[in-house]
Amino acid sequence: MSDSLCELKEQYASLLREYLAGGGEAVLLQAQALGHAAVAKGVGALQIAEIHHQALLTALKRMPVSPEITQMIKLFTDFFMENLSIFEMIERGYLEANARLTHLGKILDYNQRFVNDIVAAVPAGLLVFNRRTAELIITNKTFCEKFRVEAGEVTGKSLPDILDLIGLPAVAKTAILTSKGFFGLECWSNSQRVGKLLLKISMINGRLEQEAFLLMIEDITERWKLEQEMARLERLNLIGEMAAGIGHEIRNPMTTVRGFLQLLANKKEYSQDKEFFTLMLEELDRVNDIISEFLSLARNRAVELKAQNLNDIVKAIYPLIQADAMRADNYCDLELEDVPDLLLNEKEIRQLILNLARNGLEAMSHLSVGKLTIRTYRDENEVVLAVQDQGKGIEPHILERLGTPFLTTKENGTGIGLSVCYSIANRHKARIAVDTSSSGTTVFVRFNLAKNLEGT
Ligand SMILES: Nc1ncnc2c1ncn2[C@@H]1O[C@H](COP(=O)(O)OP(=O)(O)O)[C@@H](O)[C@H]1O
Ligand SMILES: [Mg+2]
C-alpha cells in the first residue's frame, strides 16, 4: 500500500473513531469529503472499501461489544470484501474483453478499407453480382469512370440491365447469362465510350452464403490497334526489304539502258528525235531518284556526320524551295536565328528540309497565295527546325500513323517522304513533332544538342 494510501487510511480511521465516540454529523461529512478526494485521486473502489473495512475493524476493537458480535461483524465485513474483489475481477475481465473487441473492430475496419482500396485500384472494370438475385452488389472506380456512372446508380441493377449499359452484342450477352463457370470473351461494344472489350467471368463460392458472380471488363481497344499496327508494319517490313533488294538490282540494267540511250541520242540518224531521247533520259533519272529515296529508308544505315550549321544547309537549299513555291504562286520565308553547330549529314538534312517543304507546299495547293515559313531557333538544350504551312491540316487518323511507309492521301503521292524524314531524324538523334489544325501545320525537328554531339 502506498504512503498516501496509508495516510488516508489513518485519517479515515481516526475520523471513524471520532464519529463512533459521538462526533456527530460534521465528522461524517468530513469522512465523506475525504472519500471523494481519494476517488478523484484515482483510488479504486476496492481500496476505498478496504479502508472502510480496516477502519471499522480498528474501531470495533475499541468498542464495548461482546466478542461474538465483534466476530459476527468481522465475518460479515470479510465476506463483503471477498464479494467485492470477485466483482472487481469480473469488471476487469469485462474491460479487457471490451478493449480486445475495440481492437478487433479496428482491424476489421482497416481490412475492409484495404479490400475496398484494392477493388478500386484494379485497372479493369469490376462487377460483382449476387448469384441468386442477379443484382449488382459491388462495382469499382474503373468501371464507373469508363461508363460515366455513379456506383450508387448501378448498385442493385440486374445483370441484363448492366450488360445493356456496357453495350454488349446479343451473342456475348447470351454467353454471359448462360455461363456456369470461368471463361473469357473478347467482343466489340456498341457503346461510344469503349471499343473492343475483354470480359472475364468467374463464380465466387463464398463461405458466407453469398454466392457471387464476378465480371471483369478490360478495354483492350488500344492494345488491339497496336497489335494490328504491328502486324501491318511486319508485313511492310518484309515488303520493304524485298523491294530494297529488287531496287538495287534494277539499277544496274537501268544504268546500261541509260548509257545506250545517251549514245544513240548523239547519233546523226536520230537527230530529229532528240527531244524523245531527252524525255526518256529524264524519266529514267526520275525512276532512279525514286529508288534512291526508297533505299534511303533502309534502317541503321551508317551516315557520315560533320560538324556544321543547320542555317547554312537551309540557306543552300532555299532557292530550290522558293522555285517550287513560285510554281504554285506560293512563297517561302526564312526566319533563321543563330544556332550552335550540330553533327549533320548535309545530303540527308537537305532531303529532310526538302521533303517537309514539299509537303507544306502541297498542303497549300488550294490557296491562291500561301506562305511557307522555315524557322530555326534554339530551345533550351535543343536546336529546332520548324517548317510551317497554312494548309488544311492533317486529319487525326493520318496524324496517328504519320511516318508509316506508303501512307499517302495524294493521288500521285508515294507516302515515302515522311518515313525518310523520320529515319533521317533518327540517325541525327532528333525527334519530330507535329502541330496541326485546320489553319495549318508545323513540323518541328528537334535536335537534342547533347545526344547529337555524341555522334553515332
Ligand atoms: N504539311 C502537311 N499538311 C497536310 N498533310 C500532310 C503534311 N505533311 C504530310 N501530310 C500528310 O502525310 C501524308 C504522307 O506524307 P509523305 O510521307 O510526305 O508522302 P506524300 O507526300 O507522298 O503523300 C501525306 O499524304 C499527307 O496526307
Ligand atoms: Mg511528301
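Residues numbered from 1 in each chain as written. Chains lettered and ligands numbered in written order. Predicted model: local features only at pLDDT ≥ 70, side-chain atom pairs only at ≥ 80, totals over all residues.

## Some words on the overall build of the chain
Secondary structure assignment for the chain yields 15 helices and 12 strands. Relative to the compact-globule value of 23 Å for 456 residues, the chain shows a C-alpha radius of gyration of 47 Å, a clear excess of over 25%. By its C-alpha atoms, the chain is 165 × 65 × 40 Å across when sized along the principal axes. Of all 456 residues assigned to the chain, the portion counted as buried reaches 18%. Considering only residue pairs separated by 6 or more positions, the chain has 57% of its internal contacts joining residues 24 or more positions apart. (Helix = DSSP H or I, 4+ residues; strand = E, 2+ residues; numbered from the N terminus. Rg over C-alpha atoms; globule rule 2.2 N^0.38 Å. Buried ≥ 20, exposed ≤ 12 C-beta atoms within 10 Å, placed from the backbone. Contact = placed C-beta atoms within 7 Å.)

## What about the site of ligand 1?
With respect to spatial proximity, 21 residues lie near ligand 1, and among them Ala 363, Thr 408, Gly 413, Gly 417 and Leu 418 are the closest. Those elements that provide at least two residues to the shell around ligand 1 are helix 12 (346–363) and helix 14 (417–427). (Near = placed C-beta within 6 Å.)

## Some words on the domain arrangement of the chain
Taken domain by domain, the chain consists of domain 1 (3–95), domain 2 (122–219), domain 3 (224–295) and domain 4 (306–453). For domain 1 versus domain 3, the separation of C-alpha centres amounts to 119 Å. (Domains from an automatic or database assignment.)

## Brief notes about the sheet that holds strand 7 (residues 331–336)
For sheets, the rule is that strands pair by backbone hydrogen bonds, running either parallel or antiparallel. The five strands lie next to each other as 7-9-10-12-11, forming an open sheet whose pairing is mixed. Each edge of the open sheet carries a strand with a single partner, namely strand 7 and strand 11 (430–437). Strand-to-strand twist of the sheet, defined as the mean angle between neighbouring strand axes without regard to direction, takes the value 15 degrees. Pairing geometry for strand 7 and strand 9 (residues 371–379), over six bridges, is parallel. Each bridged residue has a counterpart across the sheet, and for Tyr 331 the counterpart in strand 9 is Lys 371. Docked against the sheet, helix 14 engages strand 11 and strand 12 (440–448), running at close to 140 degrees with respect to strand 11. (Pairing = 2+ DSSP bridges. Axes fitted to C-alpha atoms, helices over the stretch in contact; angles between N-to-C directions.)

## Here we look at the sheet that holds strand 4 (residues 196–205)
The strand order across the open sheet built from five strands is 2-1-5-4-3, with neighbouring strands paired in antiparallel fashion. In this open sheet, the two strands that pair with only one neighbour each are strand 2 (136–139) and strand 3 (183–188). On average, each strand axis in the sheet is tilted by 20 degrees relative to the strand beside it, whichever way the strands run. Alignment of strand 4 against strand 5 (residues 211–219), held across nine bridges, turns out to be antiparallel. Looking across to strand 5, one finds that Leu 197 is bridged to Asp 219.

## Observations concerning the packing of helix 1 (residues 3–23) against helix 3 (residues 45–61)
Between helix 1 and helix 3, the shortest axis-to-axis distance is 9 Å and the interhelical angle comes to 45 degrees. Classified by the angle between their axes, helix 1 and helix 3 sit oblique to one another. Helix 1 and helix 3 meet at a crossing whose hand is right-handed. The segment helix 1 lies against helix 3, with Leu 5, Leu 8, Lys 9, Tyr 12, Ala 13, Leu 16, Arg 17 and Leu 20 engaging Gln 47, Ile 51, Gln 54, Ala 55, Leu 56, Thr 58 and Ala 59. Looking at side-chain class alone, the contact of helix 1 with helix 3 contains 10 nonpolar, three polar and two charged residues. (Parallel < 35°, antiparallel > 145°, perpendicular 65-115°, else oblique. Left-handed = near helix turned anticlockwise from the far one by under 90°. Nonpolar A, V, L, I, M, F, W, Y, C, P; charged D, E, K, R; others polar.)

## A word on helix 2 (residues 25–40)
With 16 residues, helix 2 extends 23 Å between its outermost C-alpha atoms, agreeing within 8% with the 22 Å of an ideal straight helix rising 1.5 Å per residue. Downstream of helix 2 by one or two residues, Gly 42 has phi in the positive range, about 100 degrees. (Expected span 1.5 Å × (residues − 1).)

## Some points on the nonpolar core
By size, the foremost hydrophobic cluster in this structure holds 31 residues, and its most contacted members are Leu 310, Leu 352, Ile 353, Leu 356, Ala 357, Cys 421 and Val 445. The set of elements that each furnish at least two residues to this core consists of helix 11 (310–327), strand 8 (342–344), helix 12, strand 9, strand 10 (382–388), helix 14 and strand 12. Among the elements that line this core, the one with the most residues is helix 12, at seven residues. With residues up to four places along the chain from it excluded, the contact list for Cys 421 reads Leu 352, Asn 355, Leu 356 and Ile 432. Of all hydrophobic cores here, the second largest spans 15 residues; its members include Phe 143, Leu 159, Ile 176 and Leu 197. (Core = buried A, V, L, I, M, F, W, Y, C linked by C-beta atoms within 7 Å.)

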